[in-house]
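What follows is the residue order along each chain.
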Amino acid sequence: MDITSAEFVVSNSRADMCPQTHLPEYAFIGRSNVGKSSLINMLTKNPKLAMTSATPGKTLLINHFLINKEWYLVDLPGYGYAQRGKKMMEKIQKLIEYYVLERKQMTCLFVLIDSRLEPQRIDLEFIEWLGENGIPFALIFTKADKQSVGKTKASVNRFLNTLKEQWEELPPHFISSSENKTGRQEILNYIEQVNRSLKEQAE
Ligand code: GTP
Ligand code: MG
């Protein structure tokens, strides 16, 4: 699949202001600065679509982008950025919880993991919480351009092996780089496949 149109629709901090359509949504979550917004720009080939920043804490709202007029990419704020202050952290946590737990249109949550790091407790805990709540998700290991292919593979395996201690079945996973477009086609093909199965179920 390729993306022929990508439009910013709405940015909001409130549940009742998310688009009132029934189109499937694919959302990006992960620690602040892991590369959620950059990945949306890479997938849509529009470097200005989602706002990115070298300083963590850039995305603070739920952002909906309509793709090919058929489905949404959703950019969420990052979790675990303590410098925002307690109040802001709590507010963002609520926003994430609402979106992940209540949003019926949420079809797959892509959890972004920095491919350079050892498994981080905050990511593992977040994934555990998804499991407890039966949320469908996939993993994307980001910033693969920042190290050798071998190091990325080793890091991904470390993470998956850690998950295996808790999970019988591993979620789908992808390796990405927003710098050199690694993973773009794989992620889009996966979304296309899920969209297709949703359509078949509806028929
Ligand atoms: P918040 O909105 O703050 O939660 O962050 P985010 O997850 O949306 O991260 P964002 O996309 O803003 O990227 C953070 C920083 O990492 C920016 O300086 C990006 O240029 C950089 N970055 C993101 N993805 C990649 C990547 O694949 N490769 C490299 N080299 N840098 C990346
Ligand atoms: Mg962002």
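Description of the structure in this document. Predicted model, so just to flag it, every value in this text is computed and none were measured. (Residues numbered from 1 in each chain as written. Chains lettered and ligands numbered in written order. Predicted model: local features only at pLDDT ≥ 70, side-chain atom pairs only at ≥ 80, totals over all residues. Heavy atoms only, no water.)

1. Quick notes on the overall build of the protein
Each helix and strand in the protein was counted, giving five helices and seven strands. Reading the protein from its N terminus to its C terminus gives the helix and strand order β-β-α-β-β-α-β-α-β-α-β-α. Taken over the C-alpha trace, the protein has a radius of gyration of 16 Å; the compact-globule value for 203 residues is 17 Å, and the two agree within 12%. Projected onto its principal axes, the C-alpha coordinates of the protein cover approximately 40 × 40 × 35 Å. Looking at the protein as a whole, 47% of its 203 residues are labelled buried. When contacts within the protein are restricted to residue pairs at least 6 apart in sequence, long-range pairs at least 24 apart make up 74% of them. (Helix = DSSP H or I, 4+ residues; strand = E, 2+ residues; numbered from the N terminus. Rg over C-alpha atoms; globule rule 2.2 N^0.38 Å. Buried < 20%, exposed > 50% of the residue type's maximum accessible area, 1.4 Å probe, protein only. Contact = heavy atoms within 4.5 Å.)

2. Details of the pairing of strand β6 (residues 137-142)
Of all six residues that make up β6, six are buried, and the element is covered over most of its length. Neither face of β6 is exposed, since F137, L139 and F141 on one face and A138, I140 and T142 on the opposite face are all buried. Pairing geometry for strand β5 (residues 106-114) and β6, over six bridges, is parallel. Its bridge partner being in β6, D114 is matched across the sheet by T142. Each parallel crossover has a hand, and for β5 linked through helix α3 (residues 121-132) to β6 it is right-handed. Two elements, β6 and strand β7 (residues 173-175), share three bridges in a ladder whose sense is parallel. Each bridged residue has a counterpart across the sheet, and for I140 the counterpart in β7 is F174. Since β6 and β7 lie parallel, the crossover through helix α4 (residues 149-164) that links them has a hand, and here it is right-handed. (Pairing = 2+ DSSP bridges. Right-handed = clockwise from strand over helix to strand, strands pointing away.)

3. Here we look at α3
Its twelve residues give α3 an end-to-end C-alpha distance of 16 Å, which sits within 8% of 16 Å, the value for a rise of 1.5 Å per residue. Looking at the packing, one finds that the buried side of α3 touches β2 (25-30), α2 (86-102), β5, β6 and α4. (Expected span 1.5 Å × (residues − 1).)

4. Focus: the site of ligand 1
In the vicinity of ligand 1, 22 residues are found, and the nearest of them are K36, S38, G57, D145 and S178. Take G35: an N or O atom from its main chain is 2.9 Å from an oxygen atom of ligand 1. In the model, an oxygen atom of ligand 1 is placed 2.9 Å from a nitrogen or oxygen of the S37 side chain. In isolation ligand 1 offers 660 Å² of accessible surface; the protein chains occlude 88% of this area. Judged by its atoms lying within 2 Å of the grid points, ligand 1 is housed in the largest pocket. Along the lines of polarity and charge, the residues of the shell around ligand 1 split into three nonpolar, twelve polar and seven charged. (Near = heavy atom within 4 Å. Polar contact = N/O pair within 3.5 Å; in protein donor to acceptor, adjacent residues only side chain to side chain. Areas by Shrake-Rupley, 256 points an atom, 1.4 Å probe, with all protein chains shown as cover. 1 Å grid on protein atoms, 1.4 Å probe; cavity = no way out; pocket = protein on both sides within 12 Å on 5 of 7 lines; lining within 4 Å. Sits in = over half its atoms within 2 Å of the grid points. Nonpolar A, V, L, I, M, F, W, Y, C, P; charged D, E, K, R; others polar.)

Keep in mind these values describe shape, not function.
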